[in-house]
Amino acid sequence: MMKYSVFICLMAVILFSACQEDDSITTETSVEGQWELQGFRSNWIDDMISVDEMDYSDSYTFRADGSFTKFNSVLGSELSGTFEEIIPAAEVNVNYIKRLKLSFNPEDLEEVLETDEAGNLHGWNQEHQFSVFYGQSNIEELILLADGTLANAGYRIADGSIYIYKRM
């Protein structure tokens, strides 16, 4: 009888611990470190165009203190800012581990972007013909996917390119 009581107690502890939710960020879901552009794809086709076929590349470095830098090879300069990690509800998309909301330092953007008549910064750099940051205003949003990559679809998620990054 004692064996069965111990067995039942042990099973109850195992079941109880398995049912607890754990929203903590682990090393598997951490974005800390350097991420390099691997290529891009669109929502219309699954084939990815490799970074080797592109005329530029960029990378992100995320730090534990919530700061980041983004380096673009064409500009040859860094942009910096802070980021926030957002854990999506499970029903949003099972492939989404978390969203990263990046806020660029406006001073960094002013050095490489043009402004319109109202003083709004444009993400497009006319001289180099590409998006310096892939978002709106001074914000980019990236998604950490279940396959361990980061995706940046910018504000054109329905029709535009989706840039894919891998941790180095």
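The structure this text deals with has already been given above.
These notes cover the structure that comes with them. These numbers were taken from a predicted model, which means no experiment stands behind them.

So, about the overall build of the protein. Within the protein one finds two helices and 12 strands. Secondary structure elements in the protein, listed N-terminal to C-terminal, are α-β-β-β-β-β-β-α-β-β-β-β-β-β. For the protein, with 168 residues in total, the buried portion stands at 33%. For the protein, contacts bridging at least 24 residues in sequence account for 49% of all contacts bridging at least 6. Of the roughly 10,700 Å² of accessible surface on the protein, a fraction of 53% belongs to carbon and sulfur atoms.

In terms of residue burial, strand S10 (residues 139–145) counts as a mostly covered element, since five of its seven residues are buried. As defined by bridge partners, strand S6 (residues 96–104) adjoins S10 across seven bridges and the pair is classed as antiparallel. The residue bridging Leu102 from the neighbouring strand is Glu140, located in S10. For strand S9 (residues 135–136) and S10, the ladder comprises two bridges, and the chain directions are antiparallel. Bridge pairing links Gly135 to Glu140 in S10. The hairpin turn running from S9 into S10, its antiparallel successor, is two residues long, and Ser137 in that turn takes a positive phi close to 55°. Note that S10 and strand S11 (residues 149–152) share two bridges and pair antiparallel. By the bridge assignment for S11, Ile143 is matched with Ala151. Hairpin remark: S10 followed by S11, antiparallel, with three residues in the connecting loop; positive phi at Gly148, about 90°.

Analysis parameters
- Residues numbered from 1 in each chain as written.
- Predicted model: local features only at pLDDT ≥ 70, side-chain atom pairs only at ≥ 80, totals over all residues.
- Heavy atoms only, no water.
- Helix = DSSP H or I, 4+ residues; strand = E, 2+ residues; numbered from the N terminus.
- Buried < 20%, exposed > 50% of the residue type's maximum accessible area, 1.4 Å probe, protein only.
- Contact = heavy atoms within 4.5 Å.
- Areas by Shrake-Rupley, 256 points an atom, 1.4 Å probe, with all protein chains shown as cover.
- Pairing = 2+ DSSP bridges.

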